[in-house]
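Listed below, chain by chain, are the residues.
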Amino acid sequence: QVQLVESGGGLVQPGGSLRLSCAASGFTFSSYAMKWYRQAPGKAREFVAFISTTGGITNYPNSVKGRFTISRDNAKNTVYLQMNSLKAEDTAMYYCNVRLAGVDYWGQGTQVTVSS
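The structure contained in this document is the topic of the report that follows. (Residues numbered from 1 in each chain as written. Predicted model: local features only at pLDDT ≥ 70, side-chain atom pairs only at ≥ 80, totals over all residues. Heavy atoms only, no water.)

Check the secondary structure of the protein and you find 0 helices and 11 strands. When the helices and strands of the protein are read in sequence order from the N terminus, they spell out β-β-β-β-β-β-β-β-β-β-β. Split into buried and exposed, the 116 residues of the protein put 40% on the buried side. Across the protein, contacts joining residues at least 24 apart in sequence account for 51% of those joining residues at least 6 apart. As displayed, the protein has an accessible area near 5,900 Å², and 48% of this comes from carbon and sulfur atoms. Within the protein, the 6 negative side-chain charges are centred at a point lying 3 Å from the centre of the 11 positive side-chain charges. (Helix = DSSP H or I, 4+ residues; strand = E, 2+ residues; numbered from the N terminus. Buried < 20%, exposed > 50% of the residue type's maximum accessible area, 1.4 Å probe, protein only. Contact = heavy atoms within 4.5 Å. Areas by Shrake-Rupley, 256 points an atom, 1.4 Å probe, with all protein chains shown as cover. Lys, Arg positive; Asp, Glu negative; His and termini not counted. Charge placed at Lys NZ, Arg CZ, Asp CG, Glu CD.)

Here's what the structure looks like:
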């Protein structure tokens, strides 16, 4: 079955960095685009980053563009999210996502808290 397991979250001060990982299994990872989303308490889930199958195409919303970088290692079935210059408003649960045959799959999420 499809499994997505996020890791790497934690508490970081404003201006700091974190690198999230998402280990995928149960599908042919290299054949599918991957995405990261986040959800803060009381808010809707928000798109954060997209990466194509080979990593040649990436996309970000303006809220994180220039600070976040998505990447993938198809040999390791893993997608990453490097987050720099973190702000308090980046505090949220972060999820990786894959859409297979029109069905969205999600991991359990990893919490990122940006606070001094």
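This part is about the environment of Thr58. Residue position: Thr58 is located in strand 6 (residues 58–59). Here the alpha-carbon distance between Thr58 and Trp106, two residues 48 residues apart in the chain, equals 19 Å. Contacts of Thr58, omitting those with residues within four sequence positions, involve Phe50, Ile51 and Ile70.

Strand order in the open sheet formed by 4 strands is 1-3-8-7, with antiparallel pairing between adjacent strands. Strands with a single pairing partner mark the edges of an open sheet, and in this sheet they are strand 1 (3–7) and strand 7 (68–73). Across the sheet, the axes of successive neighbouring strands diverge by a mean angle of 15°, strand direction being ignored. (Pairing = 2+ DSSP bridges. Axes fitted to C-alpha atoms, helices over the stretch in contact; angles between N-to-C directions.)

Among covalent bonds in proteins, the disulfide is the one between the sulfur atoms of two cysteines. Applying the stated criterion across every chain yields a total of 1 disulfide. Covalent S-S linkage joins Cys22 and Cys96, the inter-sulfur distance amounting to 1.9 Å. When the S-S torsion is 45°, as for the bridge of Cys22 with Cys96, the disulfide is right-handed. On the criterion of sequence distance, the pair formed by Cys22 in strand 3 (residues 18–25) and Cys96 in strand 9 (residues 92–100) is long-range, its members being 74 residues apart. Note on accessibility: Cys22 and Cys96 belong to one class, buried. (Disulfide = S-S within 2.5 Å.)

Applying the stated criterion across every chain yields a total of 4 salt bridges. Between Asp104 and Arg99 there is a salt bridge, with its nearest N and O atoms 2.8 Å apart. Put simply, Arg38, Glu46, Arg67 and Asp90 are held in one network by salt bridges that share partners. (Salt bridge = Lys/Arg side-chain N within 4 Å of Asp/Glu carboxyl O.)

Our focus in this paragraph is the packing of aromatic side chains. Per the stated rule, a full pass over the model turns up 5 aromatic pairs. Consider the rings of Tyr37 and Phe47, whose centres lie 5.9 Å apart with planes at 70°: the pair is edge-to-face. One end of the pair, Tyr37, is in strand 4 (residues 34–39); the other, Phe47, is in strand 5 (residues 46–51), with 10 residues separating them in the sequence. Looking at Tyr37, the relative accessible area reads 17%, which means it is buried. Between the aromatic rings of Tyr37 and Trp106, the centroid separation amounts to 5.0 Å while the plane-to-plane angle is 70°, which identifies the pairing as edge-to-face. Of this pair, Tyr37 sits in strand 4 while Trp106 sits in strand 10 (residues 103–106), placing them 69 residues apart in sequence. (Phe/Tyr/Trp six-rings, centres within 6.5 Å; stacked < 30°, edge-to-face > 60°.)

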